[in-house]
Amino acid sequence: MAFTVRKARISDVQSIYDLLKHMAAKGLLLPRSLSNLYEMVQTFWVGEDESGRVVGTVALQVAWETLGEVRSLAVSEDCGGQGLGQALTRAIEAEALTLGVERMFVLTYVPGFFEKMGYAETPLASLPQKIWAVCFQCVHYPDCKETALVKDLPR
Ligand SMILES: CC(C)(COP(=O)(O)OP(=O)(O)OC[C@H]1O[C@@H](n2cnc3c(N)ncnc32)[C@H](O)[C@@H]1OP(=O)(O)O)[C@@H](O)C(=O)NCCC(=O)NCCS
């Protein structure tokens, strides 16, 4: 199937919410509120199928100086394994470059996917304090099984 990857619009927010809620219920992602998604909609990209259904999403969040974060990456199970996760990740990496981001990081339960995208595992403590300080506030701390990975973007 062919997918279109594009910046999110306000009209996509409910679909993004439903997709993230579905993945969060499976323990694969942290959920995000509708309110937060409306506030952060400019950070989101979506993948839509040929019928215009939103079947994937990802967000680029600037964390600090030249550091960007891959957030809320999700692809519907019925569209998995067809390259959409990779295409969404590449889209935010390209956007990150135009913003002046030099290094991307991700906190994830699927390190294997990101290793295929050129990311390498790093100790959480190697990231700026602002990032791991948030972890201490999280309901999943200290039992979180997320792995931190980083990738230097080509200039
Ligand atoms: C992880 C996820 C986004 C991958 O999306 P996808 O569209 O199926 O991925 P792609 O088809 O682009 O896969 C790209 C490559 O990564 C590999 N890959 C996909 N999921 C993987 C995983 N969980 N572990 C290791 N490798 C994985 C694929 O095999 C493929 O490799 P190949 O090119 O050698 O065939 C999707 O499975 C998903 O939404 N998972 C649940 C939510 C989640 O865990 N999100 C990440 C939060 S940071």
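One can find the structure itself at the top, above this paragraph.
All values derive from a computational prediction rather than experimental measurement. (Residues numbered from 1 in each chain as written. Predicted model: local features only at pLDDT ≥ 70, side-chain atom pairs only at ≥ 80, totals over all residues. Heavy atoms only, no water.)

Caption draft 1: Representation of the overall build of the chain. Regarding its fold elements, the chain presents five helices and seven strands. Helices (α) and strands (β) of the chain occur, in sequence order from the N terminus, as β-α-α-β-β-β-α-β-α-β-α-β. Its C-alpha radius of gyration of 15 Å places the chain within 12% of the 15 Å reference for a compact globule of 155 residues. Here the C-alpha coordinates of the chain stretch approximately 45 × 35 × 30 Å along the principal axes. The buried share among the 155 residues of the chain stands at 43%. Sequence-distant contacts, at least 24 apart, represent 69% of the contacts inside the chain between residues at least 6 apart. For the chain, the separation between the mean place of its 15 positive charges and that of its 18 negative charges on side chains is 0 Å. (Helix = DSSP H or I, 4+ residues; strand = E, 2+ residues; numbered from the N terminus. Rg over C-alpha atoms; globule rule 2.2 N^0.38 Å. Buried < 20%, exposed > 50% of the residue type's maximum accessible area, 1.4 Å probe, protein only. Contact = heavy atoms within 4.5 Å. Lys, Arg positive; Asp, Glu negative; His and termini not counted. Charge placed at Lys NZ, Arg CZ, Asp CG, Glu CD.)

Caption draft 2: Representation of the layout of surface pockets. Size it by volume and the largest pocket reaches roughly 1300 Å³. In terms of lining residues, the largest pocket is bounded by 46 residues, among which L29, S72, L107, T108 and E146 are the most central. Residue assignment for the lining of the largest pocket shows that the elements contributing at least two residues are β3 (54–64), β4 (67–75), α3 (84–99), β5 (103–108), α4 (111–116), α5 (129–137) and β7 (147–152). Counting residues per element, the lining of the largest pocket draws most heavily on β4, at seven residues. (1 Å grid on protein atoms, 1.4 Å probe; cavity = no way out; pocket = protein on both sides within 12 Å on 5 of 7 lines; lining within 4 Å. Points joined across faces, edges and corners; volume = space filled by probe spheres on them.)

Caption draft 3: Looking closely at the sheet that holds β4. Here we have seven strands laid out as an open sheet, ordered β1-β2-β3-β4-β5-β7-β6, and mixed in their pairing. Edge strands, defined here as strands with exactly one partner in the open sheet, are β1 (4–7) and β6 (120–121). Pairing between β3 and β4: seven bridges, direction antiparallel. Residue pairing for β4: W64 is matched across the bridge by L67. Contacts from helix α1 (residues 13–25) reach β2 (44–48), β3 and β4 within the one sheet, and its direction differs from that of β3 by about 85°. Strand contacts of α5: β3, β4 and β5, with the helix running at about 120° to β3, the strand carrying the most contacts. (Pairing = 2+ DSSP bridges. Axes fitted to C-alpha atoms, helices over the stretch in contact; angles between N-to-C directions.)

Caption draft 4: Just the site of the ligand, in detail. Residues in close proximity to the ligand total 20 residues, the closest being L73, V75, G81, G83 and G85. For the ligand, a nitrogen atom lies 2.7 Å from a polar atom in the backbone of L73. Separating an oxygen atom of the ligand from a backbone N or O atom of Q82 is a distance of 3.2 Å. In isolation the ligand exposes 910 Å². Once the protein is present, 70% of that is buried. Judged by its atoms lying within 2 Å of the grid points, the ligand is housed in the largest pocket. Among the elements of the structure, β4, α3, β5 and α4 are those that each provide at least two residues to the shell around the ligand. Ranked by the residues each element gives to the shell around the ligand, the list is headed by α4, at four residues. Considering only residue class, the shell around the ligand consists of 11 nonpolar, eight polar and one charged. (Near = heavy atom within 4 Å. Polar contact = N/O pair within 3.5 Å; in protein donor to acceptor, adjacent residues only side chain to side chain. Areas by Shrake-Rupley, 256 points an atom, 1.4 Å probe, with all protein chains shown as cover. Sits in = over half its atoms within 2 Å of the grid points. Nonpolar A, V, L, I, M, F, W, Y, C, P; charged D, E, K, R; others polar.)

Limitation: the analysis is restricted to geometry and does not speak to function.
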